[in-house]
Amino acid sequence: EELLENACGDVWAHALEAFLSPLATPQLRAEAADILRGLSGLPLARAGRWFELSAAACAVQARSSVGLVHGMAHVLEAPVSRERPDEGIGHAKLCATLLWPVFCFNRGQSTKVDDLLTEHGLEPEEIAGAIKPFYDPQFFQSLLPAIERDWKRILRDPCSRTNCALVRPDALRFFAGSVPA
């Protein structure tokens, strides 16, 4: 069940970051919005619809890029999995957990997130409600030392640099203390 939940969180991360990417064209953003609509209300289950939406989300993110969720996950995955080999920490678990904090950070930095969602007929609070259950606050807290240690590498990651909101060095303070539970 945990693998299923993490995989579904990763699908949301691909779709939402593709939608919000500054590199997304209007057509790509519209495709991503359709994927987000499909994900909204979809129950966590082993179902073909998740696979279809995952493939579509990966395809649109490949053409528009992702953001800080993936920048953090890509930098942290290898060192954290080496440090904690018995926990099975991989890409999907990191993305699922990091999605909520990054979404909150992005919303706090700019109205762009809510503006784009609203412009495409998506309710920002509905999206927030759909992704928040993927957040594991205890796991996130356990990641903070690695996030702090690798923050400079995270900032330089190409995915972090295509985040919808500018990520500056002082953004670490948000993640270290301001993530809504």
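Predicted, not measured: the structure shown is a model, and the values here were computed from it.

Novice: Looking at this model, I keep getting lost on the overall build of the protein. Mind explaining?
Specialist: Regarding its fold elements, the protein presents ten helices and zero strands. Taken from the N to the C terminus, the helices and strands of the protein come in the order α-α-α-α-α-α-α-α-α-α. Radius of gyration (C-alpha) of the protein: 15 Å, near the 16 Å computed for a compact globule of 181 residues. Seen through its C-alpha atoms, the protein measures out along the principal axes to roughly 40 × 35 × 30 Å. Per-residue burial for the protein yields a buried fraction of 53% across its 181 residues. Sequence separation of 24 or more characterises 77% of the internal contacts of the protein that already satisfy a separation of 6 or more. Surface exposure of the protein reaches about 8,500 Å², of which carbon and sulfur atoms provide 54%. Each charge class in the protein was averaged separately, 18 positive and 23 negative side chains, and the resulting centres sit 7 Å apart.

Novice: Please clarify how the nonpolar core should be interpreted in this entry.
Specialist: It is characteristic of soluble globular proteins that their nonpolar side chains tend to be buried jointly. In this structure, Ile 147 and Trp 151 are the most contacted members of the largest nonpolar core, which totals 64 residues. Beyond its immediate stretch of four places on either side in the chain, Trp 151 contacts Met 72, Val 167, Arg 168, Pro 169, Ala 171, Leu 172 and Phe 175.

Novice: In this structure, what is going on with unusual backbone geometry? I would like to understand it.
Specialist: Leave glycine aside and you will find that most residues have negative phi; peptide bonds, for their part, are mostly trans. The phi dihedral of Ser 65 falls on the positive side, at around 90°, and the residue is not glycine. Checked against the element boundaries, Ser 65 lands in the loop between helix H3 (48-64) and helix H4 (68-83).

Novice: What am I meant to see in the side chain of His 70 here?
Specialist: Its location among the elements puts His 70 in helix H4. With a relative accessible area of 2%, His 70 lands in the buried category. One polar contact links His 70 to His 91, side chain to side chain, over a distance of 3.5 Å. When near neighbours in sequence (up to four residues on either side) are disregarded, His 70 contacts Asp 10, Ala 13, His 14, Glu 17, His 91, Cys 95 and Cys 159.

Novice: Would you explain the side chain of Arg 84 in this entry?
Specialist: Among the structural elements, Arg 84 can be located in the loop between H4 and helix H5 (91-109). Assessed through its relative accessible area of 17%, Arg 84 is described here as buried. Discounting chain neighbours no more than four positions away, the residues touching Arg 84 are Ile 89, Phe 139, Ser 142 and Leu 143.

Novice: Explain the packing of aromatic side chains here, please?
Specialist: For any pair of aromatic rings, the description consists of the separation of the ring centres together with the inter-plane angle of the planes. Under the defined criterion, the tally for this structure stands at six aromatic pairs. When the ring of Phe 105 is compared with that of Phe 175, the centres are 5.3 Å apart and the planes differ by 35°; the resulting orientation is tilted. Here Phe 105, found in helix H5, pairs with Phe 175, found in helix H10 (residues 172-177); they are 70 residues apart in sequence, far enough to count as distant. Among the residues examined, Phe 175 registers a relative accessible area of 1% and is labelled buried. Look at Trp 151 and Phe 175: their rings are 5.8 Å apart centre to centre, the planes differ by 50°, and that puts the pair in the tilted class. Of this pair, Trp 151 sits in helix H9 (residues 151-156) while Phe 175 sits in helix H10; the two residues are 24 residues apart in sequence, bridging distant segments of the chain. According to the relative accessible area criterion, Trp 151 is buried, its value standing at 4%. These aromatic residues form a ring-pair network of at least three members: Phe 105, Trp 151, Phe 174 and Phe 175. Lying across the ring of Phe 139, Lys 93 places its NZ or CZ 4.4 Å from the centre.

Novice: Hey, could you run me through the pattern of salt bridges in this one?
Specialist: Where charged atoms from two side chains of opposite charge come close, those side chains can pair. The full count for this structure, using the stated rule, is eleven salt bridges. In this structure, Glu 83 engages Arg 149 in a salt bridge whose closest nitrogen and oxygen atoms are separated by 2.7 Å. Of this pair, Glu 83 sits in helix H4 while Arg 149 sits in helix H8 (residues 137-149), and the two are 66 residues apart along the sequence. With a shortest N-O distance of 3.6 Å, Asp 150 and Arg 153 are connected by a salt bridge. Residues participating in the shared-partner salt-bridge network are Glu 83, Arg 149, Asp 150 and Arg 153.

Calculation criteria
Residue positions are given per chain, counted from 1 along the sequence in the order it is written. Per-residue local features of the predicted model are confined to residues with pLDDT of at least 70, and side-chain atom pairs are confined, for both listing and counting, to 80 or more; whole-chain, interface and lining totals are unaffected and use all residues. Values shown for side chains rest on all heavy atoms present in the structure; no hydrogens or waters enter the calculation. Strands here mean DSSP runs of E at least two residues long; helices mean DSSP runs of H or I at least four residues long; both are numbered from the N terminus. Using C-alpha atoms as the atom set, the radius of gyration is obtained and then compared with a globule rule of 2.2 Å times the number of residues to the power 0.38. Burial classes follow relative accessibility: with a 1.4 Å probe on protein chains only, a residue under 20% of its type's maximum area counts as buried, one over 50% as exposed, and anything between as partly exposed. A contact between two residues is defined here by any heavy atoms of the two lying within 4.5 Å. In these tables, accessible area is a Shrake-Rupley quantity obtained with a 1.4 Å probe, and a residue counts as shielded only by the protein chains included in the view. His residues and chain termini do not enter the charge count, which takes Lys and Arg as positive and Asp and Glu as negative. Where a charge lies is defined by one atom per residue type: Lys uses NZ, Arg uses CZ, Asp uses CG and Glu uses CD. Residues belong to a common nonpolar core when they are buried Ala, Val, Leu, Ile, Met, Phe, Trp, Tyr or Cys residues joined through side-chain atoms within 4.5 Å. Pairs of N or O atoms are called polar contacts if they sit within 3.5 Å, as long as, within protein, a hydrogen donor faces a hydrogen acceptor (for residues adjacent in sequence, only side-chain-to-side-chain pairs). Aromatic rings from Phe, Tyr and Trp, taking only the six-membered ring of Trp, are treated as a pair when their centres fall within 6.5 Å; an angle between ring planes under 30 degrees marks them as stacked, one over 60 as edge-to-face, and anything in between as tilted. Over a ring means this: the NZ of a Lys or the CZ of an Arg is within 6 Å of the ring centre and within 35 degrees of the ring normal. Any carboxyl oxygen of Asp or Glu that lies within 4 Å of a side-chain nitrogen of Lys or Arg is treated as forming a salt bridge with it.

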